[in-house]
Amino acid sequence: MEFLDLAPFVSAGGTVRLPGSKSISNRVLLLAALAEGVTEVRDLLHSDDTERMLEALQQLGVGVESLGGEAYRIGGVGGPFPVKEAELFLGNAGTAFRPLTAALALAGGHYVLKGVARMHERPIGDLVDGLRQLGAEVRYLGNDGFPPLEIFPASIRAGGVLQVRGDVSSQFLTALLMALPLTGVETRVEVVGELISKPYIEITLATMARFGVEVQREGWQAFVVPAGVRYVSPGTVYVEGDASSASYFLAAGAIGGGPLRVEGVGKDSIQGDVRFAEALALMGARIEMGPNWIEARAPASGKLQAIDLDCNHIPDAAMTLATAALFAEGTTVLRNIASWRVKETDRIAAMATELQKLGAIVEEGPDYLKVTPVPALKPAAIDTYDDHRMAMCFSLAAFATPLRINDPKCVAKTFPDYFERLATVTRSVPVIAIDGPSASGKGTVAARVAAALGFGYLDSGALYRLTALAAQRAGVDWDDEAGVAAVAAGLEVVFGEGSIRLAGEEVEGAIRTEEISQGASKVAALPAVRAALLFRQRVFRCGAGLVGDGRDIGSVVFPDSRLKVFLTASAEVRAERRYKQLIGKGFPANMQAILLDLRERDRRDSERSVAPLQQNEDAVLLDTSGLTIDQAVDQVLDWYGSAS
């Protein structure tokens, strides 16, 4: 499984230009396709969801022309789609699947609509029931009430009243409203029960009006599509930035200090999720807003406060409040979020599971979530459930702990370069990486640099020595890659000043013998062992900063290090240093044997297939053959001062 490790963030600030709104993008594409005339769509979101919609429209006979960048020219068909038989694959794009189901049911053709496995678990029965009230013929190809679907030509009844439940998904009502102008007759849609996700209906009505169709409404209970209306291209349409995506950056500003500004949405937005900013303000964040920008800063007190909020008005953005709650005082309660259960995953259950991995206290209900933070979050590997919003929401936890995001590419659904954008507005705990061959003095220099700066210290080589020692004690051969990797994954290690404890036992002396040194070099060449220890090493990145030493600290473990040093010395000088070190500790030593062993270890480390020992292009060389320890330390501190 692919993963992305996030270093702990210490602050956030800057400006982010948002990608286009997914909800608006797919609504505009569908209405442009059904309209008379040609529409230029600007600032369209590039994502999996919009790609599925564009592909489907082309299959259905719509002219789609890329103008470069985020611009497309859509040749409207002026009514039902001209292609009357097609099989469409729509992935997990609910904003494409539901509206196209309605439009195709009224198009007089034979169609099959399929998606990924999760789409086939997302309910669509209420939409199909509504379409059947009009006379549409839609059949389930799998389980009743769920995709995939087969649609047949049918005689659509003229006018009348149809009913649709409002408490499952607002996309059903959206789909019906956007398709009904194709009938040419007046139709009244009545909502049964409370309508959830009301802001998305506002987006639907506003977009339909932009294409010339004004829907009459009776509050949130009934909507009337007049007779004789048709969609007409407005010429050029600019897609707003995605307000749901804005929530992650606004929360980052509120948690990480700010100011952090998002551009593309603001007080003039038609998207309900801009009201996420109001929720942050209730938590104490300082919010400013312009026509198409919003800016967030941390509370004057420096600490967010818990809230108890009905989230019906911000259904998607409310997910971000669940992770922001990790940084608030008190228990945050998010209510009226039942729609989370029928999204890309059961988001209430998924959110509860992953928050608990971090150590938070969570209570999950049918339509609510309660989150109580803890003084210190635990490092964790977060599963994302093929859900873009899970990945983006949980990135905020990196303000408190090192974090691993599994399957980070799921953000492609709405925000393909999310993590790259996040990196531009966050500042991580700094790292000084000191790599070099064995006995070059990097451990001594690194420890003293860390002490001088008040940073933590990681002796990565000690982790491999500990693995070799633990494997030996467990009777696992050092060449047994799977066995040693299992040992590495289960290490119980505590580093202290001048102390290293393995499973509670002091082992500083035991891991420094020549036998264990050779074992460490052998196990370090095993890919599975290096993978098992990678996240464990990254967890040491916390506090004010970290100085790490090893053989791949700058190239693999912390490639974003503030300063990378390749510290070396001649083999003869290193052998002499090792000889004196061993003799000083009372161990027997032979100078010639040590020199031969160092040269062999250098060869093995530099030729291994995974993370070979080498000087990175962005690392500065420090040859300590003729330097004292103090001189080497001063040089590293001077370089770091210049790099900061």
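Calculation notes
- Residues numbered from 1 in each chain as written.
- Predicted model: local features only at pLDDT ≥ 70, side-chain atom pairs only at ≥ 80, totals over all residues.
- Heavy atoms only, no water.
- UniProt positions renumbered as here; feature names shortened; annotations may be inferred.
- Helix = DSSP H or I, 4+ residues; strand = E, 2+ residues; numbered from the N terminus.
- Buried < 20%, exposed > 50% of the residue type's maximum accessible area, 1.4 Å probe, protein only.
- Contact = heavy atoms within 4.5 Å.
- Areas by Shrake-Rupley, 256 points an atom, 1.4 Å probe, with all protein chains shown as cover.
- Polar contact = N/O pair within 3.5 Å; in protein donor to acceptor, adjacent residues only side chain to side chain.
- Phe/Tyr/Trp six-rings, centres within 6.5 Å; stacked < 30°, edge-to-face > 60°.
- Pairing = 2+ DSSP bridges.
- Axes fitted to C-alpha atoms, helices over the stretch in contact; angles between N-to-C directions.
- Parallel < 35°, antiparallel > 145°, perpendicular 65-115°, else oblique.
- Nonpolar A, V, L, I, M, F, W, Y, C, P; charged D, E, K, R; others polar.
- Salt bridge = Lys/Arg side-chain N within 4 Å of Asp/Glu carboxyl O.
- Core = buried A, V, L, I, M, F, W, Y, C linked by side-chain atoms within 4.5 Å.
- Patch = residues over 30% accessible without salt bridge, like charges linked within 9 Å, V, L, I, M, F, W, Y side chains within 5 Å.

An unreviewed UniProt entry lists the protein chain under the name Multifunctional fusion protein, with Azospira oryzae given as the organism. According to UniProt, the comment filed for the protein chain under the heading Subunit (unreviewed entry) is "Monomer." According to its UniProt record, the protein chain has this under Subcellular location (unreviewed entry): "Cytoplasm".

*Asks:* Before we move on, could you go through the overall build of the protein chain and cite the residues and values that matter?
*Replies:* On a plain count of helices and strands, the protein chain comes out with 21 helices and 34 strands. Overall, the protein chain is about 100 × 50 × 45 Å in size when its C-alpha atoms are taken along their principal axes. Looking at the protein chain residue by residue over its 644 residues, the buried ones come to 57%. For the protein chain, long-range pairs separated by at least 24 residues make up 74% of all intrachain contacts whose partners lie at least 6 apart in sequence. Within the structure as shown, the protein chain displays about 23,900 Å² of accessible surface, and the carbon and sulfur contribution to it stands at 50%.

*Asks:* Residue-level account of helix α5 (residues 170-179), with values.
*Replies:* Note on helix geometry: an α-helix contains 3.6 residues per turn, so any two residues three or four positions apart are oriented the same way. Among the 10 residues in α5, 10 count as buried, and that is most of the element. Taken residue by residue, α5 has S170, Q171, F172, L173, T174, A175, L176, L177, M178 and A179 as its buried positions. The N-cap of α5, judged by a side-chain oxygen 3.2 Å from the amide nitrogen of Q171 a few residues on, is S169.

*Asks:* Run through the packing of aromatic side chains, naming residues and quoting values.
*Replies:* Applying the stated criterion across every chain yields a total of eight aromatic pairs. Look at F327 and F399: their rings are 6.4 Å apart centre to centre, the planes differ by 90 degrees, and that puts the pair in the edge-to-face class. Here F399 lies in the loop between α11 (388-394) and β25 (403-406) and F327 lies in the loop between α9 (318-324) and β20 (328-329), a separation of 72 residues in the sequence. With relative accessibility at 12%, the residue F327 sits in the buried group. Here Y418 and F419 contribute two aromatic rings whose centre-to-centre distance is 5.1 Å and whose plane-to-plane angle is 75 degrees, an arrangement assigned as edge-to-face.

*Asks:* So what's going on with the UniProt feature "binding site: 3-phosphoshikimate" (unreviewed entry) in the protein chain? Which residues, and what values?
*Replies:* Residues annotated by UniProt as "binding site: 3-phosphoshikimate" (unreviewed entry) correspond here to K22, S23, R27, S169, S170, Q171, S197, D316 and K343. With respect to the helices and strands, R27 occurs in helix α1 (residues 22-34). Apart from residues lying up to four places away in sequence, R27 is in contact with T174, M178, Y200, I203, T204 and T207. There is a polar contact of 3.0 Å between the side chain of R27 and the backbone oxygen of S23.

*Asks:* Describe the pairing of strand β32 (residues 546-550), naming the residues involved and giving the relevant values.
*Replies:* Burial of β32 is extensive: five of the five residues sit out of reach of the surface. Neither face of β32 is open: one carries L546, G548 and G550, the other V547 and D549, and all of them are buried. As paired strands, strand β27 (residues 431-435) and β32 are joined by five bridges and run parallel to one another. Of the residues in β32, the one forming a bridge with I434 is D549. Taken together, the four bridges between strand β28 (residues 456-459) and β32 define a ladder with parallel strand orientation. Note on β32: the bridge partner recorded for L458 is G548.

*Asks:* Which residues make up the packing of helix α15 (residues 481-489) against helix α17 (residues 527-538), and what values go with them?
*Replies:* One can describe the packing of α15 onto α17 by two numbers: an axis separation of 8 Å at closest approach and a directional angle of 10 degrees. When the axes of α15 and α17 are compared, the pair comes out roughly parallel. Taking contact as the criterion, the partners of E481, V484, A485, A488 and A489 in α15 are, on α17, P527, A528, V529, A532, L533 and R536. For the contact of α15 with α17, the per-class residue count stands at nine nonpolar, no polar and two charged.

*Asks:* Please give an account of the pattern of salt bridges that cites residues and values.
*Replies:* Tallying each qualifying case throughout the model produces 44 salt bridges. R538 serves as the salt-bridge partner of D5, at 2.5 Å between the closest nitrogen and oxygen. Of this pair, D5 sits in strand β1 (residues 3-6) while R538 is found in helix α17, placing the two residues 533 residues apart along the sequence. The same class applies to D5 and to R538, which are both buried. Note that R188 and E218 form a salt bridge whose closest N and O atoms lie 2.7 Å from each other. Taken as a pair, R188 in strand β11 (residues 187-192) and E218 in strand β12 (residues 216-218) lie far apart in primary sequence, 30 residues in all. Taking relative accessible area as the criterion, R188 reaches 24% and is therefore assigned partly exposed. In the salt-bridge network here, residues are joined through shared partners; they are K22, D49, D316, E344, R347, D387, R389 and K413.

*Asks:* Outline unusual backbone geometry, supporting the account with residue identities and numerical values.
*Replies:* Put simply, P147 and P148 share a cis peptide bond, and its omega is 5 degrees. Turning to its location among the elements, P148 is positioned in the loop between β8 (137-140) and β9 (149-152). Here the residue pair G258 and P259 is connected by a cis peptide bond, since its omega of 0 degrees sits within 30 degrees of zero. Tracing the backbone through its elements, the reader meets P259 in strand β15 (residues 257-263). In this structure, D43 takes a positive phi of about 60 degrees despite not being glycine. Mapped onto the elements of the fold, D43 is located in the loop between β3 (38-42) and α2 (48-59).

*Asks:* So what's going on with the nonpolar core? Which residues, and what values?
*Replies:* If you look at the biggest cluster of nonpolar residues, it comprises 76 residues, and the most contacted ones within it are L57, I74, F81 and L100. By residue number, the principal contributor to this core is α1, which donates eight residues. Setting aside its immediate chain neighbours within four residues, F81 contacts L30, A33, L34, L57, L60, V62, L100, A103, L104, A107 and Y111. Within the second largest apolar cluster, 75 residues are counted, among which are L260, L280, M351 and F419.

*Asks:* Explain the environment of L205 to me, and be specific about the residues and the numbers.
*Replies:* The residue L205 is located in helix α6 (residues 198-210) in this model. Taking the relative accessible area as the measure of exposure, L205 reaches 12% and is therefore buried. Sequence-wise, L205 and A412 are 207 residues apart; in three dimensions their C-alpha atoms are separated by 27 Å. Once you skip the residues sitting within four places of it in the chain, L205 turns out to touch L177, V215, R217 and F223.

*Asks:* Could you give me a rundown of a nonpolar patch on the surface, with the residues and numbers involved?
*Replies:* Residues Y579, I583 and M591 make up a contiguous nonpolar surface patch of roughly 240 Å² in combined accessible area. Counting through the fold element by element, Y579 comes out in helix α19 (residues 571-584). Residue Y579 is classed as partly exposed on the basis of its relative accessible area, which comes to 31%.

*Asks:* Please give an account of the sheet that holds β15 that cites residues and values.
*Replies:* The sheet built from five strands is open, its strands ordered β16-β17-β15-β2-β26 with mixed pairing. Whereas interior strands pair on both sides, the edge strands pair on one side only; in this sheet they are β16 (286-290) and β26 (426-428). With direction set aside, neighbouring strand axes in the sheet form an average angle of 20 degrees. Contacts from helix α7 (residues 243-256) reach β2 (9-17), β15 and β17 (293-297), with the element oriented near 160 degrees to β15. In the packing of helix α12 (residues 418-425) onto the sheet, the strands contacted are β2, β15 and β26, and the crossing angle to β2 comes to about 115 degrees.

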